[in-house]
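Below, each chain spelled out in residue letters.
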Amino acid sequence: MLITECISLFHRGSAVAKIVGGNVQKYDHIQNEVKMWVFEEQVDGQNLTEIINAKHENVKYLPGIKLPENIVACPDLIKTCEDATMLVFVVPHQFVASVCRQLKGKISPKCKAISLIKGVDVEENDNGFRLITDMIQDSLGIRACMLSGANIATEVAEERFCETTIGYRNKADGELFKEIFNTPTFRVNIVEDVVGVELCGALKNIIAIGGGLVDGLKLGDNTKAAIIRIGLYEMRKFAKMFYADVKDETFFESCGVADLVTTCAGGRNRKVAEAHVTTGKSFDQLEKEMLGGQKLQGTSTAKDMYGILSKKGLCKEFPLMTTIYRICYEDLPPIRIVEDI
Ligand code: NAD
Ligand code: 13P
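As the structure is a computational prediction, the values presented were derived from the model and not from experiment.

**Student:** Could you clarify how one ought to interpret the site of ligand 2 in this entry?
**Tutor:** Around ligand 2, the surrounding shell consists of Lys118, Gly149, Ala150, Asn151, Ile152, Lys204, Asp259, Thr263, Gly267, Arg268 and Asn269. Between ligand 2 and the protein, one listed contact pairs an oxygen atom with a side-chain N or O atom of Lys118 at 2.7 Å. Side-chain polar atom of Asp259 to an oxygen atom of ligand 2: 2.7 Å apart, as the coordinates give it. Relative to its unbound accessible area of 310 Å², ligand 2 is 92% covered by the protein chains. Those elements giving two or more residues to the shell around ligand 2 turn out to be helix H10 (254-266) and helix H11 (268-279). Each residue belonging to the shell around ligand 2 can be placed in one class, and the counts come to two nonpolar, five polar and four charged.

If you want it as structure tokens, here you go:
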């Protein structure tokens, strides 16, 4: 059988690389080797890519988890992606614009993309922001799906059962990526709503900061539930205000309510926000101290969204997101999370 497909994965992607690497071995029409672009770093004086290829383990970002041997880490972005017919994007949203700039003109127009990135790009357009899938589509001239769900990376990598959602514009693309990602412990559902899936993933990171603040304040489970409910309401209101086609049902998928619950219980944004209350340290300092090189997405997305809401005079309509921004960036006391909403 002709081998035609090649997949490039961007980093900590490592958890999904494990899934993809396992799945492609089931299909004759997909090339078995999966290239994974890794932003090169030194770990104990050695290149991270070389360590990954020798030990089949991402010792920095996903220690203790063996990757399939058909996952090959590469430090060169263009070489990793130039022959790909499927591209999986999993970099923190801060870096995706630079990745797309480097790939522009180098990718086959037949290639299909999927983004796992939870965030948006701030832009001077009518909305004030651009979806990452739109950035990929516009800059590379290829179609992009979106995968998002209640998927804490370590639990995914340990093969504990979870669900996820793929949003598609073209059903064949959705089905193709379902084949690539679905496993008995990583159950994929596909929906015709790329924008809804993507905005759920971006906005829940802001609400997760709220979840961590109430934990730090020791306000209890009822308060946490209230933050989750109000957060979900504001997420849906925001998404539908900017994109009228977003579907209500999407908020009941894994990418909606389930991701919000998991991120407010076990995510990095929650953990750092709790520490902000208990230590009084800034989010920037805590990100460096607590996350070992990983990035906090909730604070920067809160800032991006506040910029948009304030420009459009909408802050009063989104009191939770606005208050979370002010606690993160304007030194508002954390207790205002319950006083101002
Ligand atoms: P992360 O927060 O761990 O960030 C570290 C990654 O950024 C490393 O892979 C590092 O190599 C890379 N990096 C550092 N500098 C870079 C640069 N200049 N250019 C490109 N890459 C650079 O990343 P993550 O946890 O893999 O998250 C990536 C995306 O996937 C995010 O949008 C996140 O919301 C989403 N996501 C994360 C999880 C999770 O549980 N971690 C789950 C689902 C989705
Ligand atoms: P954090 O970025 O808050 O860790 O959330 C991870 C996630 O998106 C789980 O689905």
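**Student:** Could you clarify how one ought to interpret the packing of helix H8 (residues 194-216) against helix H9 (residues 221-242) in this entry?
**Tutor:** Interhelical geometry of H8 versus H9 gives an angle of 155° and a closest axis separation of 9 Å. Here H8 is positioned roughly antiparallel relative to H9, judged by the angle of their axes. In the packing of H8 onto H9, the handedness of the crossing is right-handed. Residues Leu199, Cys200, Leu203, Lys204, Ile207, Gly210, Gly211, Val214 and Asp215 of H8 form the contact with H9, whose own contacting residues are Thr223, Lys224, Ile227, Gly231, Met235, Phe238 and Ala239. When the residues that make up the contact of H8 with H9 are grouped by side-chain class, the tally is nine nonpolar, four polar and three charged.

**Student:** Help me understand the pattern of salt bridges, please; the structure alone is not making it clear to me.
**Tutor:** Where charged atoms from two side chains of opposite charge come close, those side chains can pair. On inspection of all chains with the given rule, the structure shows 18 salt bridges. Lys118 serves as the salt-bridge partner of Asp259, at 3.0 Å between the closest nitrogen and oxygen. One end of the pair, Asp259, is in helix H10; the other, Lys118, is in the loop between strand E7 (112-115) and strand E8 (120-122), with 141 residues separating them in the sequence. A salt bridge links Glu289 to Lys281; the nearest nitrogen and oxygen atoms lie 2.9 Å apart. Overall, Glu289 belongs to the partly exposed group, its relative accessible area being 45%. Each of Asp215, Lys224, Arg270 and Glu274 takes part in a single network of salt bridges with overlapping partners.

**Student:** What exactly am I supposed to notice about the nonpolar core here?
**Tutor:** Across soluble globular proteins, nonpolar side chains show a tendency to be buried alongside one another. Among the nonpolar cores identified, the biggest contains 53 residues, and Phe129, Leu199, Leu203, Phe238, Tyr243, Phe283 and Ile337 are the most heavily contacted of them. Contributions of two or more residues to this core are made by strand E9 (129-131), H8, H9, H10, H11, helix H12 (283-290), helix H13 (298-311) and helix H14 (319-329). Looking at this core element by element, the count peaks at twelve residues for H8. Residues from two domains meet in this core; each of domain 1 (3-192) and domain 2 (202-339) gives at least three. Setting aside anything within four residues of it in sequence, one finds Phe129 in contact with Val120, Asp121, Val122, Glu123, Leu199, Phe238, Phe242, Tyr243 and Ile308. Grouped together as the second largest cluster of nonpolar side chains are 42 residues, Leu9, Val16, Ile19 and Phe186 included.

**Student:** For this particular structure, what's the right way to read the packing of aromatic side chains?
**Tutor:** Ring pairs (aromatic) are described by centroid distance and by the angle formed between their planes. Under the counting rule described, the total for this entry stands at eight aromatic pairs. On the numbers, 5.9 Å between centres and 75° between planes, the contact of Phe238 with Phe318 is edge-to-face. Of this pair, Phe238 sits in helix H9 while Phe318 sits in the loop between H13 and H14, and the two are 80 residues apart along the sequence. A residue is classified by how much of its surface remains accessible, and Phe238, at 0% relative accessible area, is buried. Members of the aromatic cluster, each reached through a chain of ring pairs, are Phe129, Phe238, Phe242, Tyr243 and Phe318. The positively charged end of Lys237 is found above the aromatic ring belonging to Phe318, 5.3 Å away from the centroid.

**Student:** What is the right way to read the environment of Gln25 from this model?
**Tutor:** Mapped onto the elements, Gln25 comes out in the loop between helix H1 (14-24) and strand E2 (30-37). For Gln25 and Asn70, which are 45 residues apart along the polypeptide, the C-alpha to C-alpha distance reads 8.6 Å. Of note is the side chain of Gln25, whose polar atom sits 3.0 Å from the backbone oxygen of Gly21.

Calculation rules
Residues numbered from 1 in each chain as written. Chains lettered and ligands numbered in written order. Predicted model: local features only at pLDDT ≥ 70, side-chain atom pairs only at ≥ 80, totals over all residues. Heavy atoms only, no water. Near = heavy atom within 4 Å. Polar contact = N/O pair within 3.5 Å; in protein donor to acceptor, adjacent residues only side chain to side chain. Areas by Shrake-Rupley, 256 points an atom, 1.4 Å probe, with all protein chains shown as cover. Helix = DSSP H or I, 4+ residues; strand = E, 2+ residues; numbered from the N terminus. Nonpolar A, V, L, I, M, F, W, Y, C, P; charged D, E, K, R; others polar. Axes fitted to C-alpha atoms, helices over the stretch in contact; angles between N-to-C directions. Parallel < 35°, antiparallel > 145°, perpendicular 65-115°, else oblique. Left-handed = near helix turned anticlockwise from the far one by under 90°. Contact = heavy atoms within 4.5 Å. Salt bridge = Lys/Arg side-chain N within 4 Å of Asp/Glu carboxyl O. Buried < 20%, exposed > 50% of the residue type's maximum accessible area, 1.4 Å probe, protein only. Core = buried A, V, L, I, M, F, W, Y, C linked by side-chain atoms within 4.5 Å. Domains from an automatic or database assignment. Phe/Tyr/Trp six-rings, centres within 6.5 Å; stacked < 30°, edge-to-face > 60°. Lys NZ or Arg CZ within 6 Å of the ring centre and 35° of its normal.

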